[in-house]
Amino acid sequence: MSNTSGQATAFMALTPIQPGEEAALRSFLEALPQDGSPLARLAGTHFARWVILRDWVNDPSQPREERLESPYLIFTSNFDGPLDPYLDELCVKLTPEAREIWGRCVGCPPDATGPQLKAYLLHNKIDTGFFVAAYPNSTVAQVKAALAAREQLIAFAMRAQDMGPDELFRAFAEEF
Amino acid sequence: MAVDRSDIQGNVLRAYGSSYPCTAYVFAHVSDAGGGRAWLGSIAEAVSSDEEWRGSKPSSHRNIAVTCAGLRALGVPESVIGTFSDEFRQGMAARSEMLGDLGVSDPRHWDGGLGTGAAHVLVILNGRARDEIEAELASLRASIERAPGVSILHEQYAELLLVAGAAANVPAREQFGFADGAAQPAIAGVSDDAAAGGGVPLAGGAWRPLALGEFVLGYPDEDTLVDPQKRLPSAPADPLGRSGTYVVYRKLRQDVAPFRRVLRDAAARFVGGDEELLAAKVVGRWRNGTPLVTSPGRPDPGFSATAPGSNSFRYLDVDVDGRRCPLGAHIRRSNPRDGLGWPALDDAGLLSFRHRIIRRGVPYGPPLPADVLDDDGVDRGLVFVCFNASISRQFESVQLQWLNDGNGFHLGHDSDFLLGSPLGTGKMTVQGDPPFMLSPQGPFVTTRGGEYLFMPGIAALRALARGIGG
Amino acid sequence: MSEPAAPPGPDTATGTDPANVDGQAIAITVFSTVKPLGRLWLPLVFWFATTFPRASGTLGRLSFIHFARWSLVTRIPFNGPPQREEKLNYPHLFFESNFNGGWEEYIDAFSHILTRGMKFFWGTSYGFPQPLPTGPFKTYIKRNEIVASHFYGAYPQATTTMILSSLELAPKLGAFKARAKGMSPDAFAAAWSEFLADVQECL
């Protein structure tokens, strides 16, 4: 079982969708904007997703068919730092949407917030077997800062090609 | 599996080459299926195949390709059309966002009705001289005139820019002044002798040719080779699929004067002000075709593209950091060879070998005279034509992943400097001590029109003319 | 005549449904039904891969994966009615990844470069064809893939190699800034050239 790689953590919750709520849940999720996603409020989130699992895919070679009793909502997140504080933050910051999302799942606490929501998500946690991260020791903030610094350096380096030593020296001091 | 050369249209496996420097592309529109098929039947008689010529060389060649809209216009049932690839059926114009055909290259601005669905049948004439090809054209135009339900949508003339007085082995130049067209995929059973450089790079410096099915349908492709069941790749339903190939046609206008100015201005700041070296760094070859990897300091004056081994080089053994041929150079992007791998990876060609294309482009428009740095308003560029078994896996992957972006080469969003796509960031780093960065002033290449087509085998073409059942 | 290659994907540049795309980042989510043997085999594979990171070195070297994970679902938690308890006849293998480039290229790389790894992970799934040839493997993945309803990335325009380059560059830039303090303009000009040459592969 490996839910972490470096400081990066993987989380997955699999929650049963209330009878008759699948379509509404799907519509709600699909209408969420990517630019302005509620998940952005959790600053330590690298990548996360909600996926609806309608049923198992059966292969003809299986001796028996396997069917799910109901559709399920998968939530996965790849984020910084330990699980506990992340869930604490999630259960506060995602409250309005949580009602529309986990609120449509069986067993979700009525308010879909706080410690009760956290307990619900932990109850429905699926452990990760093997987790790989390309930059396991870097937080979202570090990644964003590094990306910005690289952009800044490239832009400066291109301007610098036209500068003599004195101008370069001054410009660098100004820029950095 | 023996190659049936008589069933594959000519110029696909073996180029007509510099003996046929003049090319005319005629796009026809079919408004009546019966009339269209009758006309197709009449012109399909004289289509050139890949068979060796018996007797003297023909004075011209004729080949035919069809768009998806063309198949429909010729009465091919939807059930059969459904067996063609998705991207072919959507057409190039519908995929403009992916290909980077945005802004000035947007299909809305395209020439001659290309990309509107009106282009149905493409007839390609290859001739030895302008006057000879004009005669062929006149005859073709007359046949269209006579045929009910067929009209001409668009014509494009193109001609190899042969270096005057040069020997036969000196490759023609394209409009930016670079030798072009010599490096092509090596195909098993067809061009095994070109495997060194043109094939798949293997461990230990060896090479092997590519499976024919990567370019011609109905034959085993690279997947077939590793399939215990030896399944052939997906292809349109017979009789149309066998011996056919997918064609990408793109009219690319080249803004030569701005390109020259940018090079001149940038070279002033480049080490030693060497404009020729900087130009070579952008492309990956010196203007005469000498690869930078094998000859990083100066071009080889005696370089012959047809000499054995002239194309035989790879990147990881001597140039992993791009100091010879920059990581983002045009040829390194369009055919990475072993360049996407890493030294410890045994089979470095694995990430690139399924994305090769056969290129048969021909420049159009008069070349801009040497040393002219001002725009003369003349339309010139390249009629880019390539053949592949899968447009999405081959042509489109190269365009999207390798030319219009830099991630695969660890170059962020940097796109190919020569093409200057609006999708990427456009800067180019010339690796060195210190590195030099180029920032372009805007795209040097604009897409003026394009189509995805299918070039059927000879028998398939005749079947198409007779009428395909559902 | 021949079994068709992967079924036509939806109409985006990336070869996958638009809902799976955020900027440059692509989401893939796959569930496959696993043979009973997988209950023993997969935890072993997970343990091995986690304990010996070098074994998955190649996976790490592929320049387009941000994150990837495999999980084995052997039971589904019960929350009381109206949920009905799930009696799983088989375990189910969950795979999710966030990557760049094209869906086809991604699967191709898994097929060709991670051939052995793919057998280890998916070898016990029902219907799993071999990783090669790529055609049937892609068909299998497509059949078992689920499109995301909402996919979020914190830095959607950044590709994996950009991030790796940026992270490598950041401390070097910091060190250079520190060195630069107190240099004369001429000394700085030389140091700057040297610095650029040193970090050029990150730019």
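Quick caveat, the model's predicted, so the values are computed rather than measured. (Residues numbered from 1 in each chain as written. Chains lettered and ligands numbered in written order. Predicted model: local features only at pLDDT ≥ 70, side-chain atom pairs only at ≥ 80, totals over all residues.)

Our focus in this paragraph is the overall build of chain A. Scanning chain A from N- to C-terminus turns up six helices and five strands. N-terminal to C-terminal, the α/β element order of chain A is β-β-α-β-β-α-α-α-β-α-α. By the burial criterion, 42% of the 176 residues in chain A qualify as buried. A fraction of 72% describes how many contacts in chain A between residues 6 or more apart in sequence connect residues 24 or more apart. (Helix = DSSP H or I, 4+ residues; strand = E, 2+ residues; numbered from the N terminus. Buried ≥ 20, exposed ≤ 12 C-beta atoms within 10 Å, placed from the backbone. Contact = placed C-beta atoms within 7 Å.)

Turning our eyes to something else, we now look at the overall build of chain C. Scanning chain C from N- to C-terminus turns up seven helices and five strands. Each helix (α) and strand (β) of chain C, taken in turn from the N terminus, gives the series β-β-α-α-β-β-α-α-α-β-α-α. Taken over C-alpha atoms, the radius of gyration comes to 22 Å for chain C, far larger than the 17 Å a tight globule of 203 residues would show. Overall size of chain C, expressed as C-alpha extent along the three principal axes, is 75 × 45 × 35 Å. In chain C, 72% of the contacts between residues at least 6 apart in sequence involve partners at least 24 apart. (Rg over C-alpha atoms; globule rule 2.2 N^0.38 Å.)

With that settled, consider the interface of chain B and chain C. A common way to state how big an interface is: give the accessible area lost once the parts meet. Taken together, the 31 residues of chain B in the interface contact 34 residues of chain C. Listing elements by their share of the side of chain B that touches chain C, those giving two or more residues are α4 (86-90), α5 (96-99), α8 (222-225) and α12 (392-403) of chain B. In the side of chain B that touches chain C, the residues fall into ten nonpolar, eleven polar and ten charged. (Nonpolar A, V, L, I, M, F, W, Y, C, P; charged D, E, K, R; others polar.)

Here we come to the interface of chain A and chain C. Each partner contributes to the interface: chain A provides 67 residues, whereas chain C provides 73 residues. Mapped by element, the contributors of at least two residues to the side of chain A that touches chain C are β2 (8-16), α1 (22-31), β3 (45-53), β4 (72-80), β5 (130-133), α5 (140-160) and α6 (165-175) of chain A. As judged from the four bridges shared by β5 of chain A and strand β3 (residues 65-73) of chain C, these two strands associate in the antiparallel manner. Across the sheet, the residue bridging to Phe-130 of chain A is Trp-70 of chain C, located in β3 of chain C. (Pairing = 2+ DSSP bridges.)

For the rest of this paragraph, the subject is unusual backbone geometry. Residue Pro-82 of chain C follows Pro-81 of chain C across a cis peptide bond; omega there is 5°. Its location among the elements puts Pro-82 of chain C in the loop between β3 and β4 (92-99). For the bond running from Leu-132 of chain C to Pro-133 of chain C, omega is 5°, close enough to zero to count as cis. Within the fold, Pro-133 of chain C resides in the loop between α4 (115-122) and α5 (134-144). Phi at Ser-243 of chain B is positive, roughly 70°, even though this residue is not glycine. Its location among the elements puts Ser-243 of chain B in the loop between α8 and β7 (245-254).

The five strands lie next to each other as β1(A)-β2(A)-β4(A)-β3(A)-β5(C), forming an open sheet whose pairing is antiparallel. Whereas interior strands pair on both sides, the edge strands pair on one side only; in this sheet they are β1 (4-5) of chain A together with β5 (150-153) of chain C. In this sheet, β4 of chain A lies alongside β2 of chain A in antiparallel orientation, the contact comprising nine bridges. Directly across from Ala-10 of chain A, in β4 of chain A, lies its bridge partner Asn-78 of chain A.

Moving on, we come to the environment of Ala-203 of chain B. One can find Ala-203 of chain B in the loop between β5 (200-201) and β6 (207-208). Residues Ala-203 of chain B and Ala-348 of chain B, 145 residues apart in the sequence, show an inter-C-alpha distance of 7.5 Å.

Structurally, chain A comprises domain 1 (4-123) and domain 2 (140-175). The C-alpha centroid of domain 2 of chain A is placed 41 Å from the C-alpha centroid of domain 1 of chain A. (Domains from an automatic or database assignment.)

By domain assignment, chain C separates into domain 1 (18-144) and domain 2 (160-202). Taking only C-alpha atoms, the centre of domain 1 of chain C and the centre of domain 2 of chain C are 40 Å apart.

Turning our eyes to something else, we now look at the nonpolar core. Residues Leu-73 and Ile-74 of chain A together with Leu-122, Val-123, Val-247, Leu-453 and Phe-454 of chain B are the most contacted members of the largest nonpolar core, which totals 238 residues. Those residues in contact with Ile-74 of chain A that lie beyond four places of it in its chain are Met-12, Leu-14, Trp-50, Val-51 and Leu-53 of chain A. (Core = buried A, V, L, I, M, F, W, Y, C linked by C-beta atoms within 7 Å.)

Residue and element names in this part refer to chain A. Burial analysis of β4 places nine of its nine residues in the buried class, the great majority of the element. Neither face of β4 is open: one carries Tyr-72, Ile-74, Thr-76, Asn-78 and Asp-80, the other Leu-73, Phe-75, Ser-77 and Phe-79, and all of them are buried. Bridge count between β3 and β4: eight bridges; the pairing is antiparallel. Note that in β4 the partner of Phe-47 across the bridge is Asn-78.

Next up on the list: the sheet that holds strand β2 (residues 25-33) of chain C. Sheet architecture is open: five strands sit in the order β5(A)-β3(C)-β4(C)-β2(C)-β1(C), paired in antiparallel fashion. Edge positions in the open sheet fall to β5 of chain A together with β1 (21-22) of chain C, since each of these has one partner strand only. Across eight bridges, the pairing between β3 of chain C and β4 of chain C is antiparallel. In the strand pairing of β4 of chain C, Ile-65 of chain C is matched with Phe-99 of chain C.

Before going further, it helps to spend a moment on the packing of helix α2 (residues 83-93) of chain A against helix α4 (residues 114-123) of chain A. Residues and elements named next belong to chain A. The interhelical angle for the contact between α2 and α4, taken along N-to-C directions, is 120°, at an axis separation of 8 Å. Put simply, α2 runs oblique to α4. The hand of the α2/α4 crossing is right-handed. On α4, the residues that touch Leu-87, Asp-88, Cys-91 and Val-92 of α2 are Gly-114, Leu-117, Lys-118 and Leu-121. Taken together, the residues of the contact of α2 with α4 sort by class into five nonpolar, one polar and two charged. (Axes fitted to C-alpha atoms, helices over the stretch in contact; angles between N-to-C directions. Parallel < 35°, antiparallel > 145°, perpendicular 65-115°, else oblique. Left-handed = near helix turned anticlockwise from the far one by under 90°.)

We now examine α12 of chain B. The terminal C-alpha atoms of α12 of chain B lie 14 Å apart, and with twelve residues this falls more than 12% below the ideal 16 Å at 1.5 Å per residue. Counting buried positions along α12 of chain B yields twelve of twelve residues, so the element is predominantly enclosed. Residues of α12 of chain B that are buried make contact with α4, α5, β7, α11 (330-334) and β10 (381-388) of chain B together with α3 (103-113) of chain C. (Expected span 1.5 Å × (residues − 1).)

A few words now on the environment of Arg-75 of chain C. Residues and elements named next belong to chain C. In this structure, Arg-75 sits in the loop between β3 and β4. A residue is classified by how many C-beta atoms lie within 10 Å of it, and Arg-75, with 11 of them, is exposed. A C-alpha to C-alpha distance of 39 Å links Arg-75 and Leu-167, two positions 92 residues apart in sequence.

Residue and element names in this part refer to chain B. For strand β1 (residues 22-30), a buried count of nine out of nine residues is recorded, marking the element as mostly surrounded by other parts of the structure. Of the two faces of β1, both are covered, the one formed by Cys-22, Ala-24, Val-26, Ala-28 and Val-30 as well as the one formed by Thr-23, Tyr-25, Phe-27 and His-29. One ladder, built from seven bridges, connects β1 with strand β3 (residues 121-127); its direction is antiparallel. Note that in β3 the partner of Phe-27 across the bridge is Leu-122. In terms of strand pairing, β1 meets strand β4 (residues 150-159) through nine bridges, oriented antiparallel. Note on β4: the bridge partner recorded for Val-30 is Val-150.

Here we come to the environment of Gly-36 of chain B. Residues and elements named next belong to chain B. Structurally, Gly-36 is set in helix α1 (residues 33-44). Residue classification places Gly-36 among the buried residues on the basis of 25 C-beta atoms within 10 Å. Between the C-alpha atoms of Gly-36 and Leu-74, which are 38 residues apart in sequence, the distance is 6.0 Å. With sequence-adjacent residues up to four places away left out, Gly-36 is seen in contact with Val-30, Ala-73, Leu-74, Gly-149 and Val-150.

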